[in-house]
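Observations on the three-dimensional arrangement
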Amino acid sequence: GAVVSQHPSRVICKSGTSVKIECRSLDFQATTMFWYRQFPKQSLMLMATSNEGSKATYEQGVEKDKFLINHASLTLSTLTVTSAHPEDSSFYICSAPFGASGYNEQFFGPGTRLTVL
Amino acid sequence: GENVEQHPSTLSVQEGDSAVIKCTYSDSASNYFPWYKQELGKRPQLIIDIRSNVGEKKDQRIAVTLNKTAKHFSLHITETQPEDSAVYFCAARGNFGNEKLTFGTGTRLTIIP
């Protein structure tokens, strides 16, 4: 099966600092990856679509200058939370599609728990 | 854009009984409907999915039904077991493959031993 990893799994930072989260497809190539945010007891909310070699597509209401996405290779996308504040504390999950053309399944990373003090 | 509604938000059933979770979607172009199980602090795990060319799919104790006319789909879990306790999410997506998933709000299922 397809495996997606994330690093780090947990991060605690001070308010005002920046945090980088990596999402890797370990055994397949992903031209597209998705970044989600999940607050406690809530659903997964799509933040942005990461596109290899081009700019990310952000969902309405998501600040592109605060959540920087870079998809520099076919196996790596990074999400940088800049000038993090306590309200950015959340569970961040990435996913990547893989499968036969037109029948891709989404494979999720294990998530990154961000706590901003 | 797509909007997915999910009911109920919480569901408690006796062990051995059946559980049903329902979702509706708004975009008639959506053609792929997965269901995920998520345990606390873990990633969502795909448990079953259905595409628009079929009305029902079954995998052991889990089944999903789809009514494209009414734009709703349901998850059925029979002979529930304590390990079925988790949060379940439905989702909808176009069939192209790389299109984004829109998730329902989730159902917290508790199996009472």
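Shown above is the structure to which this text applies.
In what follows, the accompanying structure is described. (Residues numbered from 1 in each chain as written. Chains lettered and ligands numbered in written order. Predicted model: local features only at pLDDT ≥ 70, side-chain atom pairs only at ≥ 80, totals over all residues. Heavy atoms only, no water.)

**Digging into the overall build of chain B**
Helix and strand counts for chain B stand at 0 helices and 11 strands. Each helix and strand of chain B, placed in order from N terminus to C terminus, yields the pattern β-β-β-β-β-β-β-β-β-β-β. In terms of C-alpha radius of gyration, chain B reaches 13 Å, essentially the compact-globule figure of 13 Å for 113 residues. Across its three principal axes, chain B shows a C-alpha extent of roughly 40 × 30 × 20 Å. Counting all 113 residues of chain B, 45% fall into the buried class. A separation of at least 24 residues holds for 55% of the contacts in chain B among residues at least 6 apart in sequence. Accessible area for chain B stands at about 5600 Å²; split by element, carbon and sulfur atoms hold 47% of it. Of the side-chain charges in chain B, 13 are positive and 13 negative, and the distance between the mean point of each set is 5 Å. (Helix = DSSP H or I, 4+ residues; strand = E, 2+ residues; numbered from the N terminus. Rg over C-alpha atoms; globule rule 2.2 N^0.38 Å. Buried < 20%, exposed > 50% of the residue type's maximum accessible area, 1.4 Å probe, protein only. Contact = heavy atoms within 4.5 Å. Areas by Shrake-Rupley, 256 points an atom, 1.4 Å probe, with all protein chains shown as cover. Lys, Arg positive; Asp, Glu negative; His and termini not counted. Charge placed at Lys NZ, Arg CZ, Asp CG, Glu CD.)

**Observations regarding the sheet that holds strand E1 (residues 4-7) of chain B**
Residues and elements named next belong to chain B. Overall, antiparallel pairing links the 5 strands, which are arranged E1-E3-E8-E7-E6 in an open sheet. Every other strand in the sheet has two partners, leaving E1 and strand E6 (56-59) as the edge strands with one partner each. Each adjacent strand pair in this sheet contributes to an overall mean axis angle of 15°, direction not counted. Two elements, E1 and strand E3 (residues 19-25), share 4 bridges in a ladder whose sense is antiparallel. The residue of E3 that forms the bridge with Val4 is Tyr25. (Pairing = 2+ DSSP bridges. Axes fitted to C-alpha atoms, helices over the stretch in contact; angles between N-to-C directions.)

**What about unusual backbone geometry?**
The omega torsion of the bond from His7 of chain A to Pro8 of chain A falls at 0°, within 30 degrees of zero and hence cis. Located in the positive-phi region is Ser83 of chain A, a residue other than glycine, with phi close to 45°. Within the secondary structure, Ser83 of chain A sits in the loop between strand E8 (76-81) and strand E9 (90-98). With a phi angle near 60°, Gln60 of chain B is a residue other than glycine that sits in the positive phi range. Inspection of the secondary structure assignment puts Gln60 of chain B in the loop between E6 and strand E7 (62-67).

**Quick notes on the pattern of salt bridges**
A side chain with one charge can pair with a side chain of the opposite charge if their charged atoms come near. Residues and elements named next belong to chain B. Evaluated as defined, the whole model comprises 6 salt bridges over all chains. The shortest N-O distance in the salt bridge between Lys37 and Glu39 comes to 4.0 Å. Judged by relative accessible area, which is 39%, Glu39 ranks as partly exposed. Taking the shortest distance from any N to any O, the salt bridge between Asp49 and Lys57 comes out at 2.9 Å. (Salt bridge = Lys/Arg side-chain N within 4 Å of Asp/Glu carboxyl O.)

**Some details on the state of the cysteines**
One pass over the full model with this rule turns up 2 disulfides over all chains. Between the sulfur atoms of Cys23 of chain A and its disulfide partner Cys94 of chain A the distance amounts to 2.0 Å. The sign of the S-S torsion, about 85°, decides the handedness of the disulfide formed by Cys23 of chain A and Cys94 of chain A: right-handed. Of this pair, Cys23 of chain A sits in strand E3 (residues 19-25) while Cys94 of chain A sits in strand E9, and the two are 71 residues apart along the sequence. In this model, Cys23 of chain B is linked to Cys90 of chain B through a disulfide, with the two sulfur atoms separated by 1.9 Å. Residues Cys23 of chain B and Cys90 of chain B are joined by a disulfide whose S-S torsion is about -100°; by sign, that bridge is left-handed. Placement of Cys23 of chain B in strand E3 and of Cys90 of chain B in strand E9 (residues 86-92) is noted, with a sequence separation of 67 residues between them. Each member of the pair Cys23 of chain B and Cys90 of chain B is classed as buried. Cysteine Cys13 of chain A remains unbridged, with the sulfur of Cys94 of chain A as its closest cysteine sulfur at 18 Å. Relative accessible area serves as the criterion here: at 9%, Cys13 of chain A is assigned to the buried category. (Disulfide = S-S within 2.5 Å.)

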